[in-house]
Amino acid sequence: MAPTGKRARAVSPGHRFKRREIDLAEDSKLVLHTDGSISQVDAQGEVVHKWLADDPEWARHAIRFGLLAQPNTQTPPDTRVRAPKTVA
């Protein structure tokens with residue numbers, strides 16, 4: 001059954017990031033991909049390291065793009081729906 005109430009809206013399953021690159025020393029780059037992963041690419045275009053968004057090291061590199069790691073949040077229960085009253 002689909003939820004109803006003020007919080008019953010479609011929420012995207014994941015956040016999309018804007019692809020960006022930061023130049024590093026020795027012609028290498030740090031690349032933020034649209035899925036949130038970050039790659040370090042060498043001068044020849046080969047991926048040297050890759051960090052997924054759930055990797056503990058991801059936040060250390062994401063800060064260079066102005067991103068902060070945040071825990072997943074949960075939608076609070078709908079305050080307008082009341083539990084049925086019991087008859088004693």
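## A closer look at the environment of Glu26
Structurally, Glu26 can be placed in the loop between strand S1 (20–23) and strand S2 (29–32). Measuring from C-alpha to C-alpha, the distance between Glu26 and Asp42 comes to 8.1 Å, with 16 residues separating the pair along the chain.

## Quick word on the side chain of Ser28
Along the polypeptide, Ser28 turns up in the loop between S1 and S2. Ser28 gets classed as buried once you look at its relative accessible area, which sits at 10%. Non-local contacts of Ser28, meaning those with residues more than four positions away in its chain, are made with Ile22, Asp23, Gln40, Val41, Asp42 and Ala43.

## Concerning unusual backbone geometry
With a phi close to 60 degrees, Glu26 is a non-glycine residue in the positive phi region. Of note, Asp27 is a non-glycine position whose phi angle comes to about 60 degrees, a positive value. Mapped onto the fold, Asp27 is located in the loop between S1 and S2. Overall, Asp27 belongs to the exposed group, its relative accessible area being 63%.

So, how was this worked out
Residues numbered from 1 in each chain as written. Predicted model: local features only at pLDDT ≥ 70, side-chain atom pairs only at ≥ 80, totals over all residues. Heavy atoms only, no water. Helix = DSSP H or I, 4+ residues; strand = E, 2+ residues; numbered from the N terminus. Buried < 20%, exposed > 50% of the residue type's maximum accessible area, 1.4 Å probe, protein only. Contact = heavy atoms within 4.5 Å.

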